[in-house]
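Examination of the molecular architecture
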Amino acid sequence: MMAFSFSPTSSSSLLHSNLNLIEKGASLPAQLGCSLICPFRHPSLARKRCTLRKERKEIGHTVASITDFSVDKSIETAALLKGETWSVHKFGGTCVGTPKRIQNVAEIVVSDPSERKVVVVSAMSKVTDSMYDLIYKAQSRDDSYVSALDSLYEKHKVTASELLDGDVLASFLSRLHQDITNLKAMLRAIYIAGHATESFSDFVVGHGELWSAQMLSAVVNKLGVKCSWMDTRDVLVVNPTNSNQVDPDYVESEKRLEKWFSQSPASTIIATGFIASTPKNIPTTLKRDGSDFSAAIIGALFRAKQVTIWTDVDGVYSADPRKVSEAIILKTLSYQEAWELSYFGANVLHPRTIIPVMRYNIPIVIRNVFNHSSPGTTICHPSADENEESSLNAVVKGFATIDNLALVNVEGTGMAGVPGTASAIFGAVKEVGANVIMISQASSEHSVCFAVPDKEVGAVADALESRFRQALDAGRLSKIEVVRNCSILAAVGQKMASTPGVSATLFNALAKANVNIRAIAQGCSEYNITVVLKREDCIRALRAAHSIFFLSKTTLSVGIIGPGLIGGTLLDQLRDQAATLKEEFNIDLRVMGITGTRKMVLNDVGIDLSRWRELLKEESEEGDLEKFTQHVNARHFIPNTVIVDCTASSEIANNYYDWLRRGIHVITPNKKANSGPLERYLKIRELQRRSYTHYFYEATVGAGLPIISTLRGLLETGDRVLRIEGIFSGTLSYIFNNFAGEQQFSEVVAEAKDSGYTEPDPRDDLSGMDVARKVIILARESGLKLELSDIPVQSLVPEPLTKCSSAEEFMQQLNKYDGEIAKQRIEAANNGEVLRYVGVVDVVNNKGSVSLKRYPKEHPFAQLSGSDNIIAFTTIRYKNQPLIVRGPGAGAEVTAGGIFSDILRLASYLGAPS
């Protein structure tokens, strides 16, 4: 290691000399032999001794005094064997942000099984930013740079003291102190001049990497693994192309690497990231986020088998997880995909990192230093197996967004067919130094639009107005329009090329999310589709696009209305089956909202159904049906929405048409919509037939029994229904199945009520209106245009008891009327018959009825038990022997099961396995 010391010449002379050099725009490190600050070593300068003289003509060669540096003669020169025995690891600033994390990195290095390894390390977290801030403060003549530099010194001193000890610690602290002293002198010169050249800045900011690399090297040695540390300014040679970019000189870098390795052979090398040298040995950097670029260049120089970028995330996500909670870790990316995502702002890699490794087909693996169990994301050429995948969701690999953009539109009929117009437009943009992010031109050549950063659009607009003033005045150009507050959304995927339907799927998702597209661009490579949209629409658009490609087609946003007995049972069934449905059938059900009449609970990603009762009780808000609907149908990331109405409310049923019109599927056991006004029923069914929204209501007639679907199956296959007759009420089935012997009718009704078979007020069942609604639903399904009022209904509620003020009063009075119905039962029994409460749809005669009827004991209707329902379909095919459906027709479990079955039927219609 070279040691640097200032000659006894006064510091004021040194600063005066430096100031003159700065004023002339000279590269101070080059003029000073690149020797002002200790950690920069060049063999060509190592044997020189300089003595500070006051003559300005000799300043370039005499400012600093350098002690001799020579290679230990006892070290044999060694040839560098390149190839797959080498692996490269790069650790970012977060990974080495604290002493504990540096220790963790050292342990990863030691435990890595690679035969040979190069470890590229960034400065400690925020240190590089702090170094840039030092330059800014010094240039601004803000003398707080002194205390800021002291803070950096203290930070590294404390870190080293926790990690190192003995002579190693003393040696590092000595070098650190000397570096800080020299930096203060240089910053003082900048402070006086009020200006720093790019070389000055690059030289100063590179110290963070020098310090972190030296500390890590010492810790690795302390753990028993011999290693060398590399100041990559001795090896990496780059040619600056502009203030933000450099091009590596691989030929010269390989020569310097072989020379360096011959003098410092090691199987473990700790190298500085971010910093390099120009061909003239002037210190420089690889610019912002250049440590990844360093690692890739070093991987290429060593022909390594792999470059691992260690960071603080598990890999590359399909979208920004802060914006899309459903974003997933991508197992693989092609080089081109990573390149595209990087360009469009995804937190993947510096865009230029891909180039060096791609040249030698070296994979890059992104891994989490804090989660070794995660395999991370591998960036490489796609494998043959991956190329064989053809599903649409495998085509798009990821989405990225760029915010704070403005769209510039240059439009006019005079542009068509005029050569050089585009050149003139972008020449003007180049003159103001603006960065064009996306370009779109209509094939008519009538307009050209392009996106630039919002902060640059003012200068761009002024430049274009000036450049095309004559064309604007003459009318050849009609306008130069600026649209601010824009964002870009880019969909990236190598297999998008030649895959039909990708654009259609993307635009369909954006349309459903109600997002307007301002401009579109797609390169002929077809690796990305780029759209410009309003900034406020960006997150919604990102979620919608991500969902349509990455979520199952059968991901449903579910809203439950009415968390009572049936709704609550359904929620419990969903809770118990959700995981199985997702894993085995790719059906992903997300209950986004639950609402009752007074309170509701909403969630952006799905309610925890194991706690839904608790959440509804403790974290609910005031019920608001419109807010509930908007939330469930927000389509932030779920492609399909279904509202399940578990109420018996006519008011809720009045919303079905609007929900279907808005693209919301509807599932319900609520009979009010289909048995209400005929006009409303026909309007809903017409909308359903001509839209892509589904309306399922199996549970309105037979609870969990397949009554509606059986009827539809008959009609759709060309059969003609003649008559539908059945016991449709589980409550009345139970009552008449048990109304026998000496037991009175009122006693059976009381028993049914106590067992939970009746409504809270049994008159709701005994009135027959529930059966009448089922009859009218089946009649309408059969093609009859009947109103509920067209159905004659025999009520079992004695007329005087209809006016009872409460259910309790009704039950107390009912026994007074047992005689009449008992007489009917006895008459039926004497004839070998039983009483059954039946609904009939007489399709032939275009009518229906609900009444108490008598059936022989051998009739299927006479052989029911419990609360079973039974329905007989007499059709042309089933004329002599009716088709019979029989089973439980009442109870929360079977009704909820019928609703659940409709949800799964909806999923199958949307693409789930049947």
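Scoring rules and cut-offs
Residues numbered from 1 in each chain as written. Predicted model: local features only at pLDDT ≥ 70, side-chain atom pairs only at ≥ 80, totals over all residues. Heavy atoms only, no water. Helix = DSSP H or I, 4+ residues; strand = E, 2+ residues; numbered from the N terminus. Buried < 20%, exposed > 50% of the residue type's maximum accessible area, 1.4 Å probe, protein only. Areas by Shrake-Rupley, 256 points an atom, 1.4 Å probe, with all protein chains shown as cover. Core = buried A, V, L, I, M, F, W, Y, C linked by side-chain atoms within 4.5 Å. Contact = heavy atoms within 4.5 Å. pLDDT = per-residue confidence, 0-100. Axes fitted to C-alpha atoms, helices over the stretch in contact; angles between N-to-C directions. Parallel < 35°, antiparallel > 145°, perpendicular 65-115°, else oblique. Left-handed = near helix turned anticlockwise from the far one by under 90°. Pairing = 2+ DSSP bridges. Salt bridge = Lys/Arg side-chain N within 4 Å of Asp/Glu carboxyl O.

Re the overall build of the chain
Looking only at helices and strands, one finds 37 helices and 32 strands in the chain. By the burial criterion, 55% of the 914 residues in the chain qualify as buried. Working note: accessible area of the chain is about 39,500 Å², and carbon and sulfur atoms make up 48% of it.

Let's talk about the nonpolar core
By size, the foremost hydrophobic cluster in this structure holds 86 residues, and its most contacted members are V118, I269, I364, I379, F399, I488 and L489. Sorting elements by how many residues they give to this core places helix 12 (residues 290-302) first, with eight residues. Beyond its immediate chain neighbours, meaning those up to four positions away, F399 contacts S318, A319, L341, L489, A490, A491, L506, L542, A545, H546, F549 and F550. If you look at the next biggest cluster of nonpolar residues, it comprises 68 residues, including Y656, Y695, C804 and F810.

A short note on the confidence of the model for the chain
When pLDDT is averaged along the chain, the result is 86, and 88% of the positions lie at 70 or above. Taken together, the stretch residues 387-392 has pLDDT below 50 and engages in seven contacts with residues farther than four places along the chain or on a different chain.

Considerations on unusual backbone geometry
Phi is positive for N281, which is not a glycine, with a value near 65°. Relative to the elements of secondary structure, N281 occurs in the loop between strand 9 (275-277) and strand 10 (283-285). Here N281 falls in the buried class, since its relative accessible area comes to 17%. One non-glycine residue with positive phi stands out, namely N586, at about 60°. Among the secondary structure elements, N586 is positioned in the loop between helix 22 (565-585) and strand 22 (588-595).

Observations regarding the environment of L163
Among the structural elements, L163 can be located in helix 7 (residues 145-163). Assessed through its relative accessible area of 4%, L163 is described here as buried. Once the C-alpha coordinates of L163 and Q103 are considered, the two residues, 60 residues apart in sequence, prove to be 7.4 Å apart. Ignoring anything within four residues of it in the chain, the contact list for L163 reads P99, I102, Q103, V219 and K222.

Points about the packing of helix 6 (residues 127-139) against helix 7
Running from amino to carboxyl end, helix 6 crosses helix 7 at an angle of 160°, the nearest separation of the two axes being 9 Å. By the angle class used here, helix 6 and helix 7 are roughly antiparallel. Relative to helix 7, the crossing made by helix 6 is left-handed. Counted together, V127, S130, M131, L134, K137 and A138 of helix 6 and Y145, A148, L149, L152, K155 and H156 of helix 7 form the full contact between these two elements.

Some points on the sheet that holds strand 30 (residues 847-856)
Spatial ordering of the open sheet is given by 30-29-28-31-32, a layout of five strands whose pairing is antiparallel. Looking at which strands have only one partner, the edges of the open sheet turn out to be strand 30 and strand 32 (883-888). Taking each pair of neighbouring strands and ignoring which way they run, the sheet shows an average axis angle of 20°. Alignment of strand 28 (residues 721-727) against strand 31 (residues 868-875), held across six bridges, turns out to be antiparallel. Its bridge partner lying in strand 31, I727 is registered against I870. Taken strand by strand, helix 31 (residues 730-738) contacts strand 28, strand 29 (833-842), strand 30 and strand 31, and its axis lies near 155° from that of strand 29. Here helix 34 (residues 769-781) sits on the sheet in contact with strand 28, strand 29 and strand 30, set at roughly 40° to strand 29.

With respect to the sheet that holds strand 17 (residues 447-453)
Ordered by their spatial adjacency, six strands build an open sheet running 16-17-15-18-20-19, and the pairing between neighbours is antiparallel. If you trace the sheet from one side to the other, it starts and ends with strand 16 (438-441) and strand 19 (517-522), each paired once. Neighbour-to-neighbour, the strand axes of the sheet open up by a mean angle of 30°, direction not taken into account. Note: strand 19 against strand 20 (residues 528-534), five bridges, orientation antiparallel. Its bridge partner being in strand 20, I520 is matched across the sheet by V531. Sheet strands touched by helix 17 (residues 421-431): strand 15 (398-411), strand 16 and strand 17. Its angle to strand 17, the strand with the most contacts, is close to 15°. This element, helix 20 (residues 502-512), spans strand 15, strand 18 (479-492), strand 19 and strand 20 of the sheet and lies at about 20° to strand 20.

Notes on the pattern of salt bridges
Using the criterion set out here, one finds 46 salt bridges in the structure. Measuring nitrogen to oxygen at the nearest pair gives 3.4 Å for the salt bridge that ties K137 to D133. Residue K137 and its partner D133 are located together in helix 6, separated by four residues, close to a single helical turn. Classification of D133 by relative accessible area gives partly exposed; the value is 32%.

Comments concerning the pairing of strand 7 (residues 245-248)
Burial along strand 7 is one-sided: V246 and P248 are buried, and none of Q245 and D247, which face the opposite way, are. Examined bridge by bridge, strand 6 (residues 238-242) and strand 7 share four bridges and lie antiparallel to one another. Residue pairing across strands places N242 opposite Q245, the latter belonging to strand 7.

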